[in-house]
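Below are the chains, spelled out letter by letter.
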Amino acid sequence: MKRLFDLVCVFFASIFFSPFFIAVYIAIKLEDGGPAIFKQERIGRGGKPFMLYKFRSMKVNAEGDGKPQLWQGEEDARLTKVGKFIRNHHLDELPQFWNIWKGDMSFVGYRPERQYFIDKIVKENPDYVKLYAMRPGVFSEATLYNGYTDTMEKMLKRLEMDLDYMERQSLWLDIVILFQTGVSILTGKKFEI
């Protein structure tokens, strides 16, 4: 049922948001001429890696030294002007509709992470691997209440909330989370503690 729900929702969402896809793509290209789509390996269901797609919100080669870095908030020097806007309005997440179509992700689930950060989280709480039993999500209850993860403390809090979601998950809970996320985005609520 969850997979069918995802496919129906992503079909209609792709149609509804198609003008935003075009506008964001053009804005990114006009700003610096770099690629509009950013892809990065994340770890998903079953502990398998997949490519996650987003609109690029940071400068090209933002991690030029090769070392993964957490987002440093709205004042992160790596953000472009367009990038700051699309992050504030969560438009950078739109290309993840493709991840839903492919079956890599669900609309609601835990936020997929990079192996580098998973290794750090597992040292603190090995229960992270339990999340591999479900698909990661574009949206999550943890992000709604705990904000973006810019510290290890937030990552561990997010893990607790994701494990709790996994125990309680249902189609109705997913609908509630999607509704609350939509309201938060439309009212301009910041996803921060």
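Below or above, wherever it landed, is the structure these notes cover. (Residues numbered from 1 in each chain as written. Predicted model: local features only at pLDDT ≥ 70, side-chain atom pairs only at ≥ 80, totals over all residues. Heavy atoms only, no water.)

### Observations regarding the packing of helix 1 (residues 2–16) against helix 2 (residues 18–32)
Selection rule: With axes taken as lines fitted to C-alpha atoms, and helix axes fitted only over the stretch in contact, angles between N-to-C directions fall between 0 and 180 degrees. The way it works is that DSSP assigns letters per residue, a run of H or I at least four long becomes a helix, a run of E at least two long becomes a strand, and they are numbered from the N terminus. The scheme is simple: roughly parallel for angles under 35 degrees, roughly antiparallel for over 145, roughly perpendicular for 65 to 115, oblique for anything else. For this analysis, residues touch if any pair of their heavy atoms sits within 4.5 Å. Three classes are used, and their members are as follows: Ala, Val, Leu, Ile, Met, Phe, Trp, Tyr, Cys and Pro are nonpolar, Asp, Glu, Lys and Arg are charged, and the others, Gly among them, are polar.
In contact at an axis separation of 4 Å, helix 1 and helix 2 are set at 55 degrees when each is read in the N-to-C sense. Relative to helix 2, helix 1 is oriented oblique. Packed against helix 1, whose contacting residues are Ser14, Ile15 and Phe16, the element helix 2 presents Ser18, Pro19 and Phe20 at the interface. For the contact of helix 1 with helix 2, the residue count by class is 4 nonpolar, 2 polar and no charged.

### Here we look at helix 7 (residues 152–168)
Cut-off, in case you're wondering: Given the number of residues in a helix, its expected span is that number minus one, multiplied by 1.5 Å. Each residue is assigned to one of three classes by its accessible area relative to the maximum for its type, calculated with a 1.4 Å probe on protein chains only: buried under 20%, partly exposed between the two thresholds, exposed over 50%.
Helix length check: helix 7 (17 residues) gives 25 Å between terminal C-alpha atoms against 24 Å at 1.5 Å per residue, within 8%. Among the residues of helix 7, those classed as buried are Lys154, Met155, Arg158, Leu159, Met161, Asp162, Leu163, Tyr165 and Met166.

### A few points about the packing of aromatic side chains
Using the following cut-off: For Phe, Tyr and Trp, rings pair up if their centres lie within 6.5 Å, where Trp contributes its six-membered ring, and each pair is then called stacked (planes under 30 degrees apart), edge-to-face (over 60) or tilted (otherwise).
Inspection of the entire model under this criterion finds 11 aromatic pairs. Between phenylalanine 107 and phenylalanine 139 the ring centres are 6.4 Å apart and the planes differ by 10 degrees, which places this aromatic pair in the stacked class. On the criterion of sequence distance, the pair formed by phenylalanine 107 in strand 3 (residues 106–108) and phenylalanine 139 in strand 4 (residues 137–139) is long-range, its members being 32 residues apart. For the residue pair phenylalanine 107 and phenylalanine 139, the accessibility class agrees, reading buried in each case.

### Some details on the pairing of strand 1 (residues 37–43)
To be explicit about the condition: For two strands to pair, DSSP has to find at least two bridges joining them.
Across 7 bridges, strand 1 lies against strand 2 (residues 49–55) in antiparallel orientation. Paired with arginine 42 across the bridge in strand 2 is phenylalanine 50. From the end of strand 1 to the start of strand 2, which pair antiparallel, there are 5 residues, and glycine 46 there has a positive phi angle of about 70 degrees.

### A word on a nonpolar patch on the surface
Just so we agree on the cut-off: For patch building, the residue pool is restricted to those with more than 30% relative accessible area and no salt bridge; the joining distance is 9 Å between like charges and 5 Å between nonpolar side chains (Val, Leu, Ile, Met, Phe, Trp, Tyr). Only the protein chains shown count as cover for residues, and all accessible areas are computed by the Shrake-Rupley method using a 1.4 Å probe. Note on definitions: salt bridges are taken to be side-chain nitrogens of Lys or Arg within 4 Å of carboxyl oxygens of Asp or Glu.
Side chains of Met1, Leu4, Val8, Phe11, Phe12, Ile15, Trp98 and Trp101 sit close together on the surface and give an oily, nonpolar patch of about 900 Å² of accessible area. For the nonpolar patch, the leading source of residues is helix 1, giving 5 residues. Secondary-structure assignment places isoleucine 15 in helix 1.

### A look at the pattern of salt bridges
Per the stated rule, a full pass over the model turns up 10 salt bridges. A salt bridge links aspartate 174 to lysine 2, with the nearest nitrogen and oxygen atoms 2.4 Å apart. Here aspartate 174 is found in helix 8 (residues 171–186), whereas its partner lysine 2 is found in helix 1, with 172 residues between them in sequence. We classify aspartate 174 as buried; its relative accessible area is 2%. With a closest N to O distance of 2.7 Å, aspartate 32 and arginine 56 form a salt bridge.

### So, the nonpolar core
This is how the line gets drawn: Nonpolar cores are built from buried Ala, Val, Leu, Ile, Met, Phe, Trp, Tyr and Cys residues. Side-chain atoms within 4.5 Å join them into one set.
Ranked by size, the top nonpolar core spans 35 residues in total, and within it Ile28, Ile86, Phe97, Ile100, Phe107, Tyr128 and Leu131 carry the most contacts. Broken down by element, the residue count for this core peaks at 5 residues, all from helix 7. When near neighbours in sequence (up to four residues on either side) are disregarded, phenylalanine 97 contacts Val10, Ala13, Ser14, Phe17, Phe21 and Phe107.

### Quick look at the side chain of arginine 42
Threshold: Think of it this way: Lys and Arg go in the positive column, Asp and Glu in the negative one, and His and the chain ends go nowhere. N or O atoms closer than or at 3.5 Å make up a polar contact, with two conditions inside protein: a donor-capable atom paired with an acceptor-capable one, and, for residues adjacent in sequence, both atoms drawn from side chains.
Along the polypeptide, arginine 42 turns up in strand 1. For the buried arginine 42, no salt bridge exists, and the shortest N-O distance to an oppositely charged side chain is 4.7 Å, to glutamate 113. A distance of 2.9 Å separates a polar side-chain atom of arginine 42 from the backbone oxygen of proline 112. Setting aside residues no more than four positions away along its own chain, arginine 42 makes contact with Lys48, Pro49, Phe50, Leu52, Pro112, Glu113 and Arg114.

### A closer look at unusual backbone geometry
Here histidine 90, not a glycine, exhibits a phi torsion of approximately 60 degrees, which is positive. With respect to the helices and strands, the residue histidine 90 is situated in the loop between helix 3 (81–88) and helix 4 (96–102). Residue histidine 90 is classed as buried on the basis of its relative accessible area of 12%.

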